[in-house]
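Residue-level listing of the chains:
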Amino acid sequence: MAALTLGAGLPTSTTAAPAEWNALGRGLDGKLIRPGDASYDAARRLFNPAFDATRPAGVAYCASPSDVVECVNFARKMKVPLAVRSGGHSYGGWSTGSGLVVDVSRMNTVRQASGRATVGAGAKLVDVYDKLAARGVSIPAGTCPTVGVSGLTLGGGIGVVSRKYGLTCDVMESVQMVTADGRLLTCDADHNPDLYWASRGGGGGNLGVAVSFGFRTHPTRDVTVFFLHWPWAKAAKAVRAWQAWAPAAPDEMWSTLHLSSEGGMDVQIGGLYLGGRAGCERLLDRLTSGIGPVSRTFVKQTSYSHAMMIMGGCSTLSVSQCHQPGSLPGQTRDGRLSRDNFKGKSHMAYRPLSEAGARALVAQIARPGSHTVLLDALGGAVGRVRPEATAFPHRAALYSVQYYAHHVGAAAWTRNAHAAMRPHFGDHAYVNYVDPELSGWRTAYYGANADRLARIKAAYDPGRLFRLPQGF
């Protein structure tokens, strides 16, 4: 299987003259950063250093929807390749390119009233959690603190309370989006409903530039966070016990299973329970009885907001520190989070692994190198939505599977592990873990929803201004 290179099949040169770029910069409320500018090297970087060789012709930090309109019109008129960036976490590096990068990080306002949050597309997840927590509410979302809310939502949004409240896209009631013809459209159940449907799981960067979201919120309360560890000899048994327990647990219980060789072979089951410690421990007893004695245990009741910091790896940091360091939008001067050079692939598990399948998964982790397989529980509210109701099709999946590696041979390991598990998991994948090497990606990401997505793409972007290597 041949790998797609970044921007494969896309225009690789720009026709805009320096004077036209200068005119674009003068027309923005935000800031256009060009090669040679002092902040260019920092501005062009994504979360993953693997894409540091890419040198865009310009990075526009848009301050308003009108800035985005200006950029989209410029790219269309000048035939400049266009990339859209919120958090810069695209696994394929598709939030950069050779042309104009439209970065929405400056549009990061978070407001809440009457059970509804209005969130700018550039808001980072840690800030969304923090600002909503101050109002006693939240939205279901993920764990990575520096992920942009836009990419998370548009691809579906698997997260730590999804089994209770649904995916992030399930509570998205509206989205404002700039389309390829430069229009700013409000999309909801009554206005541009096809584009609204496609924006709930159709993937970021496919259909336009999202600038703002309207989310239904849920009230928060104290929760219980837990992390349990077993010796590696229990790994296959833990997989079998966890997959029988996690997707069928009460909606209030979300959990994740990590099999890791980073820093030593480790089996960890962690998660969050929307309730007190006693109720959590009763549910955990049902799990541990099927595995055997736990080697290390952490179970703690805490506030919802602190639980999100724990799940994001920021338990000892302030919200400001839980960012990447720097002075650009989305960064903070006291930020302590580093970038991460990694490779990743995914499956969506529609059926439990057999005993042979569990052993095969464990065997992949035991190979040389530093790598992890992460299984995140689904079911609950996620599974009670029809597959065709949103563009996200994997409603019947029991859990998601992510293959994640950092070492020198990471690409080969993820490729081999994914291939080894394909007979057990099939060909389902999660678009937010976009995989440039994936064959049959339309069906793998979108299932039976692919044809409708293609029709909507043709209606709103017939000239394919938004042209991803895996895009309609």
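Here the structure is a predicted model, which means the values were calculated and not measured. (Residues numbered from 1 in each chain as written. Predicted model: local features only at pLDDT ≥ 70, side-chain atom pairs only at ≥ 80, totals over all residues. Heavy atoms only, no water.)

**Q** Would you mind showing me how to read the side chain of Ser150 here?
**A** Its location among the elements puts Ser150 in helix α5 (residues 149–154). Setting aside residues no more than four positions away along its own chain, Ser150 makes contact with Ser86, Ala121, Ala210 and Phe213. (Helix = DSSP H or I, 4+ residues; strand = E, 2+ residues; numbered from the N terminus. Contact = heavy atoms within 4.5 Å.)

**Q** What exactly am I supposed to notice about the packing of aromatic side chains here?
**A** Within a pair of aromatic rings, the relevant descriptors are the distance that separates the centres and the angle that separates the planes. All chains considered together, the criterion is met by 15 aromatic pairs. For the ring pair Phe47 and Phe342, a centre distance of 6.4 Å and an interplane angle of 55 degrees mean the geometry is tilted. Highlighted residues: Phe47 in the loop between α2 (40–43) and β2 (58–61) and Phe342 in the loop between α10 (304–311) and β16 (343–349), separated in sequence by 295 residues. Of the two residues examined, Phe47 and Phe342, each falls in the buried class. (Phe/Tyr/Trp six-rings, centres within 6.5 Å; stacked < 30°, edge-to-face > 60°. Buried < 20%, exposed > 50% of the residue type's maximum accessible area, 1.4 Å probe, protein only.)

**Q** How do you make sense of helix α3 (residues 65–78) when you look at a structure like this?
**A** Owing to its 3.6 residues per turn, the α-helix brings residues three or four apart onto one side. For α3, built from 14 residues, the straight-helix expectation of 20 Å at 1.5 Å per residue is met to within 8% by its first-to-last C-alpha distance of 20 Å. Residues Asp67, Val68, Val69, Cys71, Val72, Phe74, Ala75 and Met78 constitute the buried set of α3. Looking at the buried residues of α3, the elements they touch are α1 (18–26), β2, β3 (82–85), β4 (100–103), β8 (172–178) and β10 (209–216). Immediately downstream of α3, the backbone of Lys79 shows phi near 55 degrees, a positive value. (Expected span 1.5 Å × (residues − 1).)

**Q** For this particular structure, what's the right way to read empty space enclosed by the protein?
**A** By rolling a water-sized probe across the atoms, one finds the places where empty space is left. As enumerated under the stated definition, the model contains one cavity of 30 Å³ or more in all. In this structure, the largest cavity occupies an estimated 40 Å³ of space. Taken together, Leu154, Met177, Ser199, Gly203, Gly204, Gly205, Asn206, Leu207 and Gly208 form the lining of the largest cavity. The residue inventory of the lining of the largest cavity, partitioned by class, reads three nonpolar, six polar and no charged. (1 Å grid on protein atoms, 1.4 Å probe; cavity = no way out; pocket = protein on both sides within 12 Å on 5 of 7 lines; lining within 4 Å. Points joined across faces, edges and corners; volume = space filled by probe spheres on them. Nonpolar A, V, L, I, M, F, W, Y, C, P; charged D, E, K, R; others polar.)

**Q** Even after reading the chapter, I still don't get the confidence of the model for the protein chain, so can you show me in this structure?
**A** Caution applies to low-pLDDT parts of the model: their predicted coordinates are not meant to be read in detail. In this model, the protein chain carries a mean pLDDT of 95, and residues with pLDDT of at least 70 account for 97%. Predicted confidence is poor over residues 1–13, with pLDDT under 50, and the contacts of this stretch with residues over four places away or in other chains come to 23 contacts. (pLDDT = per-residue confidence, 0-100.)

**Q** For this particular structure, what's the right way to read the nonpolar core?
**A** Inside soluble globular proteins, nonpolar side chains tend to come together where they are buried. The biggest cluster of nonpolar side chains holds 83 residues, and the ones touching the most others in it are Trp21, Val68, Leu100, Val102, Phe213 and Phe215. In terms of residues, this core owes the most to one element, α3, which gives seven residues. In this structure, Leu100 is in contact with Trp21, Leu24, Leu32, Gly58, Ala60, Cys71, Phe74, Val80, Pro81, Leu82 and Ala83, ignoring residues within four places of it in sequence. Among the nonpolar cores identified, the runner-up in size contains 42 residues, and Ala249, Leu353, Ala358 and Val401 belong to it. (Core = buried A, V, L, I, M, F, W, Y, C linked by side-chain atoms within 4.5 Å.)

**Q** Would you take a moment to explain the pairing of β4 for this structure?
**A** In the case of a regular strand, side chains alternate between the two sheet surfaces. Residue alternation in β4 divides its side chains into two sets, Leu100 and Val102 and Val101 and Asp103, and both sets are buried. As paired elements, β2 and β4 share four bridges and run parallel to each other. Looking at the pairing, Val59 lines up with Val101 of β4. Both β3 and β4 contribute to a ladder of four bridges, which runs parallel. Pairing of Leu82 across the sheet is with Leu100, part of β4. (Pairing = 2+ DSSP bridges.)

**Q** What is the right way to read the pattern of salt bridges from this model?
**A** Note on pairing: side chains with opposite charge can pair once their charged atoms come close. Considering all chains together, one arrives at 20 salt bridges under this definition. The residue Arg452 makes a salt bridge to Asp194 at a minimum N-O spacing of 3.0 Å. In this pair, Arg452 sits in helix α14 (residues 450–460) while Asp194 sits in helix α7 (residues 193–198), placing the two residues 258 residues apart along the sequence. By relative accessible area, Arg452 is classed as partly exposed at 28%. In this structure, a network of salt bridges that share partners links the residues Lys345, Arg415, Asp435 and Glu437. (Salt bridge = Lys/Arg side-chain N within 4 Å of Asp/Glu carboxyl O.)

**Q** Can you walk me through the layout of surface pockets in this structure?
**A** Counted as a void, the second largest pocket has a volume near 370 Å³. What lines the second largest pocket is a set of 26 residues, and nearest its centre among them are Ala42, Arg45, Leu46, Gln324 and Gln331. When its residues are assigned to classes, the lining of the second largest pocket shows nine nonpolar, 12 polar and five charged.

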